Amino acid sequence: MRIGVFVCHCGTNIAATVDVVSVAKRALGLKDVVHAEDIMYTCAEPGQAAIRKAIEDKKLDRVVVAACSPHMHEMTFRRCVDNGGLNPYLFEMANIREHCSWIHTDIPVATEKAWDLVKMAVAKARRLEPLWSNEVEVNKDVLVIGGGVAGIQAALDLADAGLKVTIVERETTIGGVMAKLDKTFPTIDCSACILTPRMVDCAQHENIDVMAYCEVDRVSGYVGNFTVDVRKKAAMVDWTKCVGCEICVQKCPAKAPDTFNVGLEPTKAIYIPFPQAVPKRAAIQVEHCRWFTQGKCRVCEKVCPADAVDYEQKEETVQKRFGAIVVATGLEVFPWEEYYHEYGSGKIKDVISGLQYERMLSASGPYGGHVHRLSNGEGPKTVVFIQCVGSRDDSVGRPYCSSVCCMYTAKQALLTKDHCGMDTEVYVFYIDIRATGKGYEEFVKRVQTEFGVKYVRGRVSKLYEEEGKVMVRGFDTLLGEQVEIAADLVVLASGIMAANGAKELAQKLSVSYDEFGFFKEGHPKLRPVETNTAGVFLAGACQAPKDIPATVAQASATASKVIGLLANDKLKTSPMIAIVGQKDCVSCWKCIDVCPFGAPERQEVRPGELKSHVIETVCQGCGVCVATCPVNCISLKGFSTDAVLDQIEEALLS
Amino acid sequence: MAIKYLSGDQLPAFLGYVAEKARVVAPIKSDGVVQFQPWAPGKDVELDVLLAKQSPKAFVFLQSETYLKFGYRMEEPSEVTGDAATDGAEGGNAATEAAIPHETVEVEALNEASAQVIFGLRPCDARGFVQMDNVFGGYGGFYFDPLYNARREATTLLAVTCRDPRSTCFCTAIGGCPAGREGVDALFTQVVGGYTVEAFTDKGEATLGFSALADASDAQAGEAAEVKVQATTKVDVPFTLEGIRDNLRANFEGQAWHDLHMRCISCGTCTYVCPNCYCFNVGDELVECAGERYRTWDNCFNPLYTEETSGHNPREAKFSRFRNRFSHKFWYYPDKYDSLLCSGCGRCIVHCPTRIDIREVLRVMGSPATVAGGSSLAAHGTAPAPSQAADGEET
Amino acid sequence: MSRQDHIREFATAALAAGRVDYVIGWKYGYNQSEVVPAFVKDPADVDQLVWNPLCHHNLVTFLKRKMPDPLDAKIGVCVKGCDSRTLVALLQEELVDKDRIYVIGVPCDGVVDRRKLEKEFADEMIHISFSDGKVGVTTRNGETKEFDKDAVLLDVCRLCRYPNPVYADDTAGPPVAEPDRKHTAPDWTDIAEYENLSDDDKQALLEQIYATCIRCFACINVCPVCFCWDKCVNRSRQPELVSQKVGPKENLLFQMVHMFHVAGRCPSCGACDRACPVEIPLYLLHRKMNKELYDMFAFEPGVKLDEKPVLQVFDIKDQFGE
Amino acid sequence: MAEETQTSQAGAQAAGAAPSAAPGDSPTVGTAASGGPRPVKIIGIVCNWCSYAGADTAGVGRFRQPANIRLVRVPCTGRVDPLFALKAFEKGADGVLISGCHPGDCHYSEGNYYARRKFELLERMIHHLGIPKERFQWTWVSASEGQRWQQVVTDFVAGVEKLGPRKGRAL
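Residues numbered from 1 in each chain as written. Chains lettered and ligands numbered in written order. Predicted model: local features only at pLDDT ≥ 70, side-chain atom pairs only at ≥ 80, totals over all residues. Heavy atoms only, no water.

**What to know about the domain arrangement of chain B**
Residue and element names in this part refer to chain B.
Consideration 1: What the domain assignment lists for chain B is domain 1 (4–63 + 113–234) and domain 2 (244–282 + 300–388).
Consideration 2: Taking only C-alpha atoms into account, the centre of domain 1 sits 28 Å from that of domain 2.
Consideration 3: Contact with domain 1, which involves 28 residues of that partner, is made by 28 residues of domain 2.
Consideration 4: When the area that domain 1 buries against domain 2 is broken down by residue, the three leading residues are Gln 131, Phe 170 and Ile 174, summing to 24%.
Consideration 5: For the interface between domain 1 and domain 2, the tally reads one salt bridge.
Consideration 6: Its salt-bridge partner being Arg 347, residue Asp 125 comes within 2.7 Å of it at the nearest N-O pair.
Consideration 7: Linking domain 1 to domain 2 there are 14 residue pairs in polar contact (both at pLDDT 80 or more).
Consideration 8: Examining the composition of the side of domain 1 that touches domain 2, we find that ten residues originate from one element, helix α2 (residues 123–136), more than from any other. (Domains from an automatic or database assignment. Contact = heavy atoms within 4.5 Å. Buried area = accessible area lost by both parts, 1.4 Å probe. Salt bridge = Lys/Arg side-chain N within 4 Å of Asp/Glu carboxyl O. Polar contact = N/O pair within 3.5 Å; in protein donor to acceptor, adjacent residues only side chain to side chain. Helix = DSSP H or I, 4+ residues; strand = E, 2+ residues; numbered from the N terminus.)

Here it is in structure tokens:
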């Protein structure tokens, strides 16, 4: 065996704390090591060239690079080794930067540890064997989870590229949060006017299949070949017949909370969220329907001209196959009522959330755009906006900035003046104004100057009712004095959280997520729309709070990534998977029991003799079976038991 | 030479005397288990229990011994790198120009064999060594094992006559005897008040310089002789050796092997407690540049014993391993060394987890009766089942 | 009718009916102080079969893959309570073909520890008899002694919670009275003394104990739930988990391999303890393992057919290590 | 913080094999140089997706840690055979630390669920073998928990150091 060891200075990142030269020198004393050198920047072209040269000159059959984390450059060096004419899997990396030079300061200590890490890597290298990846057919259909603006944008881009797209939306209509907005900042153009045409495009696009009122139950398989169980929830209305005429909604005698209008006014037990819904189909909220709760009524059934109502309808699960998955599950508004008791916990009628205010402003909302006090219906003379409710607030476990509140508050302040007259007193309590987008700062300035909205820097400590007013007690940190305002209406800029069930979905997709339930991107800088699970991509607020332009941009970026992926007819699978040494298999089938992916199967090796066999394309290389196999006859390529034990032994040798 | 006499109370003193020049190994009881152990003053030698669990072979033929240490030295790089960090983007190239290192191997042979005296073993145990001598090089010396022979050379065997052989003893059946001399350097025989001592070899002689050793009286000598006769008559002769090789050969395919091996669990107990079994295995262990070569006991019930690299194992079936053990002791080995590989101590019977009885096996397979093969188990070696009454538990 | 008669009767019937190729029971060995596994093929031989407190062998061992001869033999087997649990453990994982076995359950009220008796004599025992709670021993030289059976029971029997087979096709006679301890949590006092040792004392003791191991594989080959047979990783050279060298470290590791591989499947039948020719107290490990598994999952191996060994499955609600 | 507890070691021991340094012998790290008790050596076995990345995150954040741990990367804690830990102790490790993804976050969705059952039993058995509990730990550290990784390592090393290097013993 002929191993080459390359120790990287990484400028001073490593060399400042680790004596890379001595490490390289000592490496020549290791068994099978026939070449060792230190290199300034191994990942740079000159460094890679040196590796290729050494492979050539010294006829290396294993390469060890001691540098940064394999998560950073393993792929880079695999490619380099490959170009050097060596099988890319005959390469091993020692992480002497993240795991050594960056966390230690004492040079002798760090050097000694680096030396151990190099020895361990060499020990593992001895156990490496050439591997060849395998090619699998790619399914070119794409699943988009979530029918908000992100999902819609991604779907349309993908569909236009000729890919078949399925949008799964858990509500009865696509549109998401954007459909609930009145206007958009900073242009004050009508949100619905720009969104609904795109919604219609989705409905009409030959390559797009909109599955509304559905949920993703189970995801199995792997990039290029996902199998997804989609559960169609029971709408109790046969959507193949329903024409969305809304007669049933008018006639329905039972009231039910209206989630689309954020609970401002009740809707009916059978409902269609809003006039431009896509698909425009009715659904029954059974827990509020008289037939289901009291066993009488069936009015909708009687009045339905298409006789679409079907009380017997059961939910059903359909299985679909996809090559890639785009997650666009969007956001949820922070439930301020549960946390901000000083703001009345929602008991004060005239204190509402920003999104409720959007519905109040909206011409297609429950009040036809008439801004008024919910307590008495009068138009407000004084309106107070409070920012960062559920954002930048550790006390409620929301340290992050929701990034859109500053702007939508400014927009709503402006619209208030517009709806209620310029003489309306409008105050905004803020901590900082974050107006980083194109034209945003200018917009805020206009709101302050042209529209005379009064910005008060400070937090509101208390809201309470007094003589039919909502008393707003806060502190103006610029004037350094207590302020108290008697408001008619208070609007809270409630923050953004990940959609309900985001964590559960993440687990189904086995992608990672942060403590707040936002999905984790592959790399914050370099892989912003990918996840660590190949074939699963992100779009919109499910990754982090963003405004519409950012969301749309990310959706298109994701679409292009997916298009890039599915441009291949075949995909290379990782060869670092489990393989059964059938000679030693005792046919106990424990591997089949424990495999999360169903990769091992019973194979008849000769008549009547069954042995375990791992299906290469299904195996994801986790190695659970390897640890379970009592005879250790399953080996995980690249992580063989011998390799692990040798590393341990080497580390302890010194 | 003259028979000597050692009074019982002088035994510790005698061992102490011997221990001055050599390590003394003797059967010693700890936690109710009698095993051969290094003796030290104050430790009681256990001679009432006839046989220690294991034969003393482990003190000459170690169960596990490292006999070679080796190390690889990689040639140092011919050039020492300059301060590479200053060499700019190209890096130091510390060793690119250095000659390709090559390995040199250093080897260190280990073989310590210090003088030891094994006291209190039985003639059958001693005979076991003689049979191992054949294999390890005494015999014709066509293969000479330095490890074994060095220790054997340095070892003196002071055997004790079996006063009271057990029902599982069958030394006489294979040409041995409770007072056998084969392999014995000096023989102790328990008589009233002490032991008579006879040295058969110079080695034995050498241990008898102990001052308290007196010449045995005729009475004592006579008593000893009587003890030996008595003991010998006590040993059963459960099978005959006559034609046993031919019969084993003839019965090679016998169905009876299948019947007899049924309760065998293919462990190695019988071979590891046996004073004769000598099979071993060799292994290397290497970590980085330092390695060692060791050998350990192996046995014919170990699947790897015959497994081939391909994975094919000619003795995959349990019965074939079982058959091999007995065939080897009474057929293959005799063919080669013209002696048996068994000294009749019966340890394999007593310690077998399922009490497989070598005597029963030889009765069946060693006799021509079963050439036909279809022997039934009932016929052999099973004590008659008790009457209902005797089975008290159940009445 | 005695249990012994029942066993003989069931055996005769099964053989005669061709339901099995042979029946595994117990018979006397080379003398009447020893009982050994009996393999009866011919109805004429069933009279060899005995049942008494010497019948310690767990015959389920002989159902393990590679053990039957011929390999596809239809086998009748006698099982005590503890034995039946090992059988269930095998059945849980389909390591034994249910259709190829016929199980004769034998309710058992305790097996005597022959080694305890042995240590009472320098001479060799040649006959052991039983009558109302007494054990009578005769040695080769005619010495006789009587013991209380309870005083010479196997330790595992003192703590037994399942004296009646948990799985059987036919049962030899009426069940024995269920002990009270069946209804309380298991009793682990047998390892308490060891557990109370200091870390250093434990290490020292283990070192001493495992220095005597001769790696004969009796414990592993006799273990009824240990089914890898020739392929045991303890023998494996690649990967070499356990060095082939013999020493306290290696020998202890060797046993830990066994322990982990039978974790959740070993009901502590004690077969390994009894098989060990050098009398290593293996129960120190497998009893502890079962204690911990019980503590973690309230799980007892080999009791319910429809269960899976606890390490073969998981529960998202497990609460460990948080 | 128990920073930099490892004393420097004498030169290139491994270059040029000393046949005396037989495998299996408990290592004699640095005694030559430092004279005092050798620094403790700890084997860490971490999963690729969470804890290894978590250690990376700690590195990127420059979270200082004691230098006694040597990490072995495996794809998933589900791939960790309990025997790895025992083997490490047999080979002379002073401590063993195993870490993976938090339950529910396993990259392979289920691996760590199996693992935690094994580890819990392993931990209890290890103590049974007379290896003090300070010498063995298994835990969960996610890719984003660089600081937690620093804490885990620092505390664990401190615990092992209190006991010092292991003497050659059964396992």
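Following the structure, the description resumes.
**Details of the side chain of B:Glu65**
Consideration 1: For B:Glu65, the position within the fold is in strand β4 (residues 64–74).
Consideration 2: Reaching out from B:Glu65, the side chain makes a polar contact with the side chain of B:Arg151 at a distance of 2.9 Å.

**Quick notes on the pattern of salt bridges**
A side chain of one charge can pair with a side chain of the opposite charge if their charged atoms are brought near each other.
Residue and element names in this part refer to chain C.
Consideration 1: Overall, the coordinates contain 103 salt bridges over all chains when judged by the stated rule.
Consideration 2: The partner of Arg 265 in a salt bridge is Glu 93, and the shortest N-O contact between them spans 2.6 Å. Pair noted here: Arg 265 is in the loop between α8 (248–262) and α9 (271–275) and Glu 93 is in the loop between α2 (81–92) and β4 (101–105), with a separation of 172 residues, a long-range link.
Consideration 3: The exposure class assigned to Arg 265 is buried, which follows from its relative accessible area of 3%. (Buried < 20%, exposed > 50% of the residue type's maximum accessible area, 1.4 Å probe, protein only.)

**A few points about the packing of helix α10 (residues 283–297) of chain C against helix α4 (residues 111–128) of chain D**
Consideration 1: One way to put it is that α10(C) packs onto α4(D) with a least axis distance of 10 Å and a crossing angle of 135°. As summarised for this structure, α10(C) and α4(D) are arranged oblique, according to the angle between their axes. In the crossing of α10(C) with α4(D), the sense of the turn from one axis to the other is right-handed. Along its contact with α10(C), which presents C:Leu284, C:Leu285, C:Lys288, C:Met289, C:Glu292, C:Leu293, C:Asp295, C:Met296 and C:Phe297, the element α4(D) presents D:Arg117, D:Glu120, D:Leu121, D:Arg124, D:Met125 and D:His128.
Consideration 2: Each residue belonging to the contact of α10(C) with α4(D) can be placed in one class, and the counts come to eight nonpolar, one polar and six charged. (Axes fitted to C-alpha atoms, helices over the stretch in contact; angles between N-to-C directions. Parallel < 35°, antiparallel > 145°, perpendicular 65-115°, else oblique. Left-handed = near helix turned anticlockwise from the far one by under 90°. Nonpolar A, V, L, I, M, F, W, Y, C, P; charged D, E, K, R; others polar.)

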